[in-house]
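Breakdown of the fold
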Amino acid sequence: MAISDIYETAFDEDVQQETTTNRCPECDGQVMTNTVETVCEDCGLVIDEQRIDLGPEWRSFDKEQRERTGAPLTVARHDRGLSTEIGRGIDAKGNGLSGRKRRQLGRLRREQTRGKWQSKAERNLAHGLGEVRRISSALGLSEAIRNQACALFRSAQSADLLLGRSIEGMAAGSVYGACRCNGLTRTLDDVSKVAQVDRPRVMNCYKTLNAELGLPARPVTPGMFVPRFASELEISDSVRRRAEALAEAAEDGQITTGVSPSGFAGACIYKAARECEQGLTQAQVVAVADVSPVTLRKHRNALMETY
DNA sequence: ACGATTATTGCGTTCTT
DNA sequence: AAGAAAACAATAATCGT
């Protein structure tokens with residue numbers, strides 16, 4: 001299982017865009033894989049979720065007992081036998097203790113508080129990882145990405161990045177960060193919506209992750225949105241290819257700087273569909289790209305002026 | 001706090017049936 | 001002719017710096 005090993009250690013070492021070449025099942029063309037989304041270069045077929053179940057489970061402790069679904073086992077684990085206090089000085093009958101006994105109890109107490117501390121950290125970890133899992137599955141992310149997000153969260157906790165921030169927020173930030181590192185087109189809005197954490201908080205967590213951990217996040221370009229929108233709108237391959245070409249050309253120019261990538265991608269698709277005389281209304285594009293009609297037109301006009 | 005981008009609203013125009 | 005869709009302008013809200 002060499003592939004899973006790569007993903008497991010991806011964050012510890014140096015996260016690379018893991019690209020492999022394969023053949024498309026439909027047209028036998030070249031397919032591009034960027035860790036999660038597998039897209040055929042020729043026919044545009046999206047072979048998604050291909051890597052489901054290939055990755056290892058996120059638990060690094062308790063290797064024997066692996067769990068595939070449901071809440072993490074750790075919720076049944078917290079405070080297990082650790083809420084006991086050890087008194088000092090006297091025994092159960094109120095009698096004094098020998099020095100040797102007192103020292104023994106002192107050692108026990110020290111170990112016990114250590115155990116408590118560990119338990120708290122583990123509880124936070126379990127909670128956060130549970131959130132990461134929930135958000136990831138709500139967004140339909142593959143297991144590889146989910147594992148990376150979990151690894152990110154663990155790193156965040158180890159680096160004491162959770163201080164003053166909510167666990168939920170950091171979980172959302174980890175998921176978003178994992179998406180950004182793999183060129184996935186999940187919006188900050190997408191994440192914050194399912195995570196029930198408002199956008200600024202998610203952004204704050206993501207930024208601190210980025211700053212402290214040095215994520216290899218790539219900037220989001222309009223072209224990255226085109227395949228997703230294309231399959232959601234069920235447009236033809238020729239239109240999709242034209243839209244991709246438009247997006248790429250625009251990225252080379254300076255038109256795309258400062259504008260929302262998703263909106264611009266929508267404009268590319270709209271213009272491409274219009275060129276090919278395909279019945280694609282603005283309303284449809286606007287719905288999937290989540291922008292207003294006026295910005296769609298604005299970008300399309302900018303596109304028409306230069307190309 | 002400021003400048004730029006985007007959303008919203010309203011209204012006259014164009015295309016289709 | 002009627003209705004839908006696209007276009008345009010102005011103002012409000014939002015975002016990034």
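A quick note: this is a predicted structure, and the numbers were derived from the prediction, not measured.

Overview of the overall build of chain A
- Tallying secondary structure elements over chain A gives 11 helices and four strands in all.
- Partitioning the intrachain contacts of chain A with sequence separation of at least 6 by distance along the chain shows that 63% fall at a separation of at least 24.
- Accessible surface, chain A: about 16900 Å² in total, of which carbon and sulfur atoms supply 48%.

A closer look at a positive patch on the surface
- Residues Arg-100, Lys-101, Arg-102, Arg-103, Arg-107 and Arg-110 make up a contiguous surface patch of positive charge.
- Mapped onto the elements, Arg-100 comes out in helix α2 (residues 99-138).

Re the protein's contact with DNA strand B
- In the vicinity of DNA strand B, the residues found are Gly-258, Val-259, Ser-260, Asp-290, Val-291, Ser-292, Val-294, Thr-295, Lys-298 and His-299.
- Residues of the surface near DNA strand B, tallied by class, amount to three nonpolar, five polar and two charged.

Things to note about the confidence of the model for chain A
- Mean pLDDT over chain A stands at 72; residues scoring 70 or higher make up 65%.
- Taken element by element, the predicted model of chain A shows its lowest mean pLDDT in helix α1 (residues 2-8) (40) and its highest in helix α4 (residues 167-181) (89).
- For residues 1-21, every residue scores under 50 in pLDDT, and the model assigns this stretch 34 contacts once sequence neighbours within four places are set aside.
- Note that residues 48-83 has pLDDT below 50 and, in this model, 61 contacts with residues that lie over four places away or in other chains.

A closer look at the nonpolar core
- The biggest cluster of nonpolar side chains holds 33 residues, and the ones touching the most others in it are Ile-135, Phe-153, Met-170 and Val-175.
- Taken together, the elements giving at least two residues each to this core come down to α2, α3 (143-158), α4, α5 (188-195) and α6 (199-213).
- When near neighbours in sequence (up to four residues on either side) are disregarded, Phe-153 contacts Asn-124, Leu-125, Gly-128, Leu-129, Val-132, Leu-162, Ile-167, Met-170, Ala-171 and Ser-174.
- In this structure, Leu-233, Val-239, Phe-264 and Ala-265 belong to the second largest nonpolar core, which totals 26 residues.

Thoughts on the packing of aromatic side chains
- Counting across every chain of the model gives two aromatic pairs.
- Look at Tyr-176 and Tyr-206: their rings are 4.8 Å apart centre to centre, the planes differ by 75 degrees, and that puts the pair in the edge-to-face class. With Tyr-176 in helix α4 and Tyr-206 in helix α6, this residue pair connects regions lying 30 residues apart in the sequence.
- In this structure Tyr-176 comes out as buried when scored by relative accessible area, which is 8%.
- On the basis of relative accessibility, which here comes to 5%, the residue Tyr-206 falls in the buried class.
- Here the aromatic rings of Phe-225 and Phe-229 are separated by 5.6 Å at their centres, their planes lie at 35 degrees, and the arrangement is tilted. Highlighted residues: Phe-225 and Phe-229, both in helix α7 (residues 222-233), separated by four residues, approximately one helical turn.

Quick look at the protein's contact with DNA strand C
- In the vicinity of DNA strand C, the contacting residues are Arg-199, Arg-274, Thr-281, Gln-282, Val-294, Arg-297 and Arg-300.
- A distance of 2.6 Å is found between a phosphate oxygen of DNA strand C and a side-chain nitrogen or oxygen belonging to Gln-282.
- Grouping the constituent residues of the surface near DNA strand C by class yields one nonpolar, two polar and four charged.

Thoughts on the environment of Ala-126
- Tracing the chain through its elements places Ala-126 in helix α2.
- With relative accessibility at 8%, the residue Ala-126 sits in the buried group.
- For the pair Ala-126 and Arg-154, spaced 28 residues apart in sequence, the C-alpha separation works out to 9.9 Å.

Structural notes on the environment of Thr-187
- Within the element layout of this structure, Thr-187 appears in the loop between α4 and α5.
- With 75 residues separating them along the chain, Thr-187 and Ser-262 place their C-alpha atoms 8.8 Å apart.

With respect to helix α9 (residues 261-275)
- Across its 15 residues, α9 extends 21 Å between first and last C-alpha, which sits within 8% of the 21 Å expected from 1.5 Å per residue.
- Counting buried residues in α9 gives 12 out of 15 residues, a clear majority hidden from the surface.
- Turning to α9, its buried residues are Ser-262, Gly-263, Phe-264, Ala-265, Gly-266, Ala-267, Cys-268, Ile-269, Tyr-270, Lys-271, Ala-272 and Ala-273.
- In this fold, the buried residues of α9 make contact with α7, α8 (237-252), α10 (282-289) and α11 (293-306).
- Phi for Glu-277, located one or two positions after α9, is positive at around 60 degrees.

Describing the packing of α4 against α6
- Here α4 crosses α6 at 60 degrees, and the two axes come no closer than 8 Å. One way to sum up the angle between α4 and α6 is to call them oblique. Where α4 crosses over α6, the handedness of that crossing is right-handed. Along its contact with α4, which presents Gly-169, Met-170, Ala-172, Gly-173, Ser-174, Tyr-176, Gly-177 and Arg-180, the element α6 presents Val-202, Cys-205, Tyr-206, Thr-208 and Leu-209.
- Its residues assigned to classes, the contact of α4 with α6 shows seven nonpolar, five polar and one charged.

Cut-offs applied
Residues numbered from 1 in each chain as written. Chains lettered and ligands numbered in written order. Predicted model: local features only at pLDDT ≥ 70, side-chain atom pairs only at ≥ 80, totals over all residues. Heavy atoms only, no water. Helix = DSSP H or I, 4+ residues; strand = E, 2+ residues; numbered from the N terminus. Contact = heavy atoms within 4.5 Å. Areas by Shrake-Rupley, 256 points an atom, 1.4 Å probe, with all protein chains shown as cover. Patch = residues over 30% accessible without salt bridge, like charges linked within 9 Å, V, L, I, M, F, W, Y side chains within 5 Å. Salt bridge = Lys/Arg side-chain N within 4 Å of Asp/Glu carboxyl O. Lys, Arg positive; Asp, Glu negative; His and termini not counted. Charge placed at Lys NZ, Arg CZ, Asp CG, Glu CD. Near = heavy atom within 4 Å. Nonpolar A, V, L, I, M, F, W, Y, C, P; charged D, E, K, R; others polar. pLDDT = per-residue confidence, 0-100. Core = buried A, V, L, I, M, F, W, Y, C linked by side-chain atoms within 4.5 Å. Buried < 20%, exposed > 50% of the residue type's maximum accessible area, 1.4 Å probe, protein only. Phe/Tyr/Trp six-rings, centres within 6.5 Å; stacked < 30°, edge-to-face > 60°. Polar contact = N/O pair within 3.5 Å; in protein donor to acceptor, adjacent residues only side chain to side chain. Expected span 1.5 Å × (residues − 1). Axes fitted to C-alpha atoms, helices over the stretch in contact; angles between N-to-C directions. Parallel < 35°, antiparallel > 145°, perpendicular 65-115°, else oblique. Left-handed = near helix turned anticlockwise from the far one by under 90°.

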